[in-house]
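Given next are the chains, with one letter for each unit.
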Amino acid sequence: MYLGIDLGTSGVKLLLLDAQHQTLATADAPLKLQQPQPLWSEQHPADWWHAAEHAAADLRAQQPKAWAQVRAIGLSGQMHGAVLLDAQGQVLRPAILWNDGRSAAECAQLERAEPRSRQIAGNLAMPGFTAPKLLWLRQHEPQVFERTARVLLPKDWLRWQLTGEAVSEMSDASGTLWLDVARRRWDEAMLAACGLNEDHMPRLVEGSEVSAQLLPARAQAWGWDHPVLVAGGAGDNAASAIGVGAMAPGQGFVSLGTSGVIFRVSAQFDPAPEQAVHAFAHALPQRWHQMSVMLSAASALGWLARLSGTPETQLSAMVAAMPLARRMQAPLFLPYLQGERTPHNNPLLTANLSGLQAGHELADLAYAVMEGVGLGLLDGWRAMGQTGPSAVSLALVGGGARSDAWAQLLSSALQCPLHRSAQAPVAAALGAARLAMMADQGCSELSVPTGGAAQSFEPDAAETAALLARHARFRALFGQLKG
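Below you will find a few notes about this structure. These numbers were taken from a predicted model, which means no experiment stands behind them. (Residues numbered from 1 in each chain as written. Predicted model: local features only at pLDDT ≥ 70, side-chain atom pairs only at ≥ 80, totals over all residues. Heavy atoms only, no water.)

**A few points about unusual backbone geometry**
Among all residues save glycine, negative phi is the norm, and among peptide bonds the norm is trans. Worth spelling out the cut-off: Only DSSP runs of H or I reaching four residues or more are called helices, and only runs of E reaching two or more are called strands; each is numbered from the N terminus. Residue burial is assigned from relative accessible area. The probe radius is 1.4 Å, only protein chains are included, and a residue is buried under 20% of its type maximum, exposed over 50%, and partly exposed in between.
Residue P343 is bonded to the preceding T342 through a cis peptide linkage, with omega at 0 degrees. Checked against the element boundaries, P343 lands in the loop between β20 (332–334) and β21 (352–354). Positive phi outside glycine occurs at Q286, with the angle close to 60 degrees. Look at Q286 and you get exposed, because its relative accessible area is 53%. If you check the backbone angles, N345 has positive phi at about 50 degrees while not being a glycine. The topology assignment puts N345 in the loop between β20 and β21. Residue classification places N345 among the partly exposed positions, given a relative accessible area of 25%.

Right, dumping it as structure tokens:
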């Protein structure tokens with residue numbers, strides 16, 4: 001048996017997987033986001049641990065016999081967060097998260113300090129990445145910075161709690177800007193530009209390798225009287241790729257989670273920083289990937305649900321019932337509720353609802369939000385070099401993937417077939433569990449089955465034409481308002 005732990009932004013998910021790749025049970029526990037100032041986004045690491053323990057107790061109660069047979073744990077998690085530890089391993093302040101936008105000035109400072117940063121890290125310096133956060137801390141919280149003995153990513157702090165070992169892996173480390181992504185090792189120059197060195201960093205392994213062993217006290221507390229391995233694991237998107245079987249070059253997925261992602265595997269390091277496209281190491285040896293990222297995706301529909309007091313499932317049902325002609329009369333929505341990455345790289349961008357009229361109803365707003373996210377993903381898809389129809393299908397994952405209406409809209413907007421598996425909402429936790437299996441058994445990625453699609457969505461020609469016309473208006477609106 002294998003356990004996958006996925007530390008997300010809105011919750012911690014656990015998944016129990018048997019040796020035949022069958023999911024036996026899942027459990028989750030919610031998390032809250034703290035935004036004490038504009039552009040800030042933080043969480044307390046202790047809350048992650050409490051949520052993980054709560055979900056573990058739930059999963060153990062569901063499947064006590066299977067739980068007792070767990071041999072290895074895989075970790076997945078939200079990327080880019082900065083967890084700061086002192087010399088005694090104590091957390092110094094709340095973790096600064098991936099969607100925090102306070103360090104825009106420090107991004108320019110970092111690229112001036114190390115002019116080769118884009119070649120080394122394969123990415124533009126963006127406020128979401130980890131390195132600019134440490135520069136911000138160095139300037140604004142110098143006492144905290146001086147006491148910092150170790151910087152860990154969120155999932156790797158969970159590993160620290162489980163094993164007492166400071167370890168990361170290539171996919172998550174790629175999102176720090178401190179990794180030489182082509183060579184898959186920490187880069188001294190990038191660390192020095194932030195006033196750090198390799199002593200501040202965890203050691204590195206591949207995602208499918210053993211990183212450490214569970215502490216005996218932790219194993220006993222969680223009900224195991226035998227050694228339990230902990231795999232390297234992966235950042236959330238690389239883990240989702242393993243979960244849906246995107247391991248060979250050309251394979252990939254679209255994620256409708258809190259953020260929106262298009263992920264495509266490559267056999268080599270292929271950076272495109274000028275387009276704000278991410279180029280990271282994959283969770284498997286000798287694999288890399290490109291990724292476009294937008295900061296508000298399913299969270300945008302959640303925002304509308306909170307404002308309207310209407311569940312997201314009901315909003316999706318309203319959109320599904322709308323004919324195409326009515327959809328094309330909806331307002332236009334720029335989905336930049338928390339700034340944007342690909343292709344704009346601007347944490348200060350704000351959302352906009354344009355063309356609102358007295359006759360519009362909640363359904364029209366729901367459509368506008370779903371469409372705006374889809375058109376934002378189309379911007380990212382084009383930044384990755386895809387300018388027309390794609391014959392290669394992509395998997396569809398994330399909580400927003402439950403919506404048939406949204407899935408069909410995305411397929412038509414991207415002009416790409418999409419397939420959604422039954423495991424789509426828990427793809428990252430499934431990928432983490434599979435990495436645990438690989439670490440335990442020493443198997444290659446080729447031995448991991450991909451599974452079949454539960455449902456497929458093909459581009460609709462009429463909807464594509466309408467969406468491309470709307471996209472032209474979307475881009476024009478952005479051009480008018482970006483200042």
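Now, onward.
**Here we look at the packing of helix α3 (residues 104–113) against helix α5 (residues 130–140)**
Two measures define how a pair of helices packs: the angle their axes make with one another and the distance between the axes. So the rule is basically this: Fitted lines through C-alpha atoms serve as axes, helices being fitted only where they are in contact, and the angles separating the N-to-C directions of these axes extend from 0 to 180 degrees. Roughly parallel covers angles under 35 degrees, roughly antiparallel covers those over 145, roughly perpendicular covers 65 to 115, and oblique covers all other angles. Between two residues, a contact is recorded if the distance between any of their heavy atoms is within 4.5 Å. Nonpolar residues are Ala, Val, Leu, Ile, Met, Phe, Trp, Tyr, Cys and Pro. Charged residues are Asp, Glu, Lys and Arg, and all others, Gly as well, are polar.
Where α3 meets α5, the closest approach of the two axes is 8 Å, and the angle between their N-to-C directions is 105 degrees. In terms of orientation, α3 and α5 fall into the roughly perpendicular class. Seen from α3, the contacting residues are E106, C107, Q109 and L110; seen from α5, they are A131, P132, L135, W136, Q139 and H140. Each residue belonging to the contact of α3 with α5 can be placed in one class, and the counts come to 6 nonpolar, 3 polar and 1 charged.

**Remarks on the pattern of salt bridges**
For clarity, the cut-off: Salt bridge, as applied in this entry: a Lys or Arg side-chain nitrogen positioned within 4 Å of an Asp or Glu carboxyl oxygen.
Counted according to the given criterion, the structure contains 21 salt bridges. A salt bridge links E141 to R93; the nearest nitrogen and oxygen atoms lie 2.7 Å apart. Residue E141 is located in the loop between α5 and α6 (142–147), and its partner R93 is located in the loop between β6 (83–85) and β7 (95–96); the two are separated by 48 residues in the primary sequence. The exposure class assigned to E141 is buried, which follows from its relative accessible area of 18%. Where E371 meets R470, a salt bridge forms, and the shortest distance between an N and an O atom there is 2.8 Å. Highlighted residues: E371 in helix α15 (residues 362–383) and R470 in helix α18 (residues 461–481), separated in sequence by 99 residues. Residues joined in a network through salt bridges with shared partners are E42, R93, D100, R102 and E141.

**Re the side chain of D187**
Just so we agree on the cut-off: Only four residue types enter the tally: Lys and Arg on the positive side, Asp and Glu on the negative side, with His and both chain ends excluded.
Structurally, the position occupied by D187 is in the loop between β11 (185–186) and α9 (188–192). For the buried D187, which has no salt bridge, the nearest side chain bearing the opposite charge is R116, at an N-O separation of 4.9 Å. Aside from chain neighbours lying at most four places away, what touches D187 is I120, W178 and D180.

**Section: the packing of helix α16 (residues 404–414) against α18**
The N-to-C vectors of α16 and α18 enclose an angle of 70 degrees; their axes lie 8 Å apart at closest approach. It follows from the interaxial angle that α16 and α18 lie roughly perpendicular. Mapping the contact onto sequence places Q408, L409, S412 and A413 in α16 and E463, T464 and L467 in α18. Grouping the amino acids of the contact of α16 with α18 by side-chain chemistry returns 3 nonpolar, 3 polar and 1 charged.

Function cannot be read off these values alone, since they describe shape.
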